[in-house]
Amino acid sequence: MRTKSSTPQGLTHFDAKGSAHMVDVGAKPATHRVAIASGRIVMKPATLRLIRAGAAKKGDVLGVARIAAVQAAKRAAELIPLAHPIALTRVAVDFELNRKPASVRVIARVECRGQTGVEMEALTATAVGLLTIYDMVKALDRGMTLTGIRLEEKHGGKSGVFRRGPR
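None of the values given here were measured: they were computed from a predicted structure. (Residues numbered from 1 in each chain as written. Predicted model: local features only at pLDDT ≥ 70, side-chain atom pairs only at ≥ 80, totals over all residues. Heavy atoms only, no water.)

Visitor: Please clarify how the pattern of salt bridges should be interpreted in this entry.
Guide: Applying the stated criterion to the full structure yields nine salt bridges. A salt bridge links E78 to R75, with the shortest nitrogen-to-oxygen separation between them at 2.8 Å. Classification of R75 by relative accessible area gives partly exposed; the value is 46%. Through salt bridges that share partners, E96, R105, R150 and E152 make up one connected network. (Salt bridge = Lys/Arg side-chain N within 4 Å of Asp/Glu carboxyl O. Buried < 20%, exposed > 50% of the residue type's maximum accessible area, 1.4 Å probe, protein only.)

Below you can see the structure in the form of structure tokens.
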């Protein structure tokens, strides 16, 4: 068990005794908060062509992945034990299809007006969007790789702005 002196500064999900707890955000002001996350799924060129053409047996791969990502953002607090339930005001999910390497990049933008950030919601949306793409075309390409799930940008709140440098 950690003591306060051994708990690294900035790890707000631990109390003075080192026990995990949900952070109290009740006294924080509500601000406009935005988080953007992205990730990539790398696949065979033929799999990408099928997705691009909208010809997968299970249907519209990117349409289903978009809906799944939105649902995931709304349910992040159910999946991540110490995340706060947040009233989201926007979830936008976009896709970039790349030929070299054959891949789909998922970009999720999540917004709220609240007392805590939406990074976990954006990251969860990205991960579930990628997993849904995998599920929709796995019969053709079980060797797909999910990679690079990361926070790209966040703003709002006391900690200010974070922007990842060039990829």
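Visitor: Is there a simple way to think about the sheet that holds strand 5 (residues 162–163) in this case?
Guide: Sheet strands associate in pairs through backbone hydrogen bonding, adopting either a parallel or an antiparallel arrangement. Strands sit in the order 2-3-1-4-5 across an open sheet of five strands; the sheet is antiparallel. What marks the edges here is a single partner per strand, and that holds for strand 2 (88–98) and strand 5. Where strand 2 lies against strand 3 (residues 103–114), ten bridges are found, and the strand directions are antiparallel. Following the sheet pairing, V91 is matched in strand 3 by V110. Lying over the sheet, helix 1 (residues 45–53) contacts strand 2 and strand 3, oriented at roughly 130 degrees with respect to strand 2. Contacting strand 2 and strand 3, helix 2 (residues 61–74) crosses the sheet at an angle of about 145 degrees to strand 2. (Pairing = 2+ DSSP bridges. Helix = DSSP H or I, 4+ residues; strand = E, 2+ residues; numbered from the N terminus. Contact = heavy atoms within 4.5 Å. Axes fitted to C-alpha atoms, helices over the stretch in contact; angles between N-to-C directions.)

Visitor: Mind showing me how you'd approach the pairing of strand 4 (residues 145–155) here?
Guide: Side-chain positions along a regular strand alternate between the two faces of the sheet. As paired strands, strand 1 (residues 31–42) and strand 4 are joined by eight bridges and run antiparallel to one another. Within the sheet, the bridge partner assigned to V42 lies in strand 4 and is T145. Here strand 4 hands over to strand 5 after six residues, with G156 in that stretch at a positive phi of 105 degrees.

Visitor: Looking at this structure, I do not really get the environment of T132. What am I missing?
Guide: Of note, T132 is situated in helix 4 (residues 119–137). Along the primary structure T132 and R66 are separated by 66 residues, whereas in three dimensions their C-alpha atoms are 8.8 Å apart. If near-sequence neighbours (up to four positions away) are discounted, T132 is found in contact with V64, A65 and A68.

Visitor: So what exactly am I meant to see when it comes to the packing of helix 2 against helix 4 here?
Guide: Geometry of a packed helix pair, given as the angle between the helix axes and the separation of the axes. Closest axis-to-axis distance for the helix 2/helix 4 pair is 7 Å, and the angle between their directions is 145 degrees. Classified by chirality, the crossing of helix 4 by helix 2 is right-handed. Along its contact with helix 2, which presents V61, L62, V64, A65, A68, A69, A72 and A73, the element helix 4 presents E121, T124, A125, V128, G129, T132, I133, M136 and V137. When grouped by side-chain class, the residues that make up the contact of helix 2 with helix 4 number 13 nonpolar, three polar and one charged. (Left-handed = near helix turned anticlockwise from the far one by under 90°. Nonpolar A, V, L, I, M, F, W, Y, C, P; charged D, E, K, R; others polar.)

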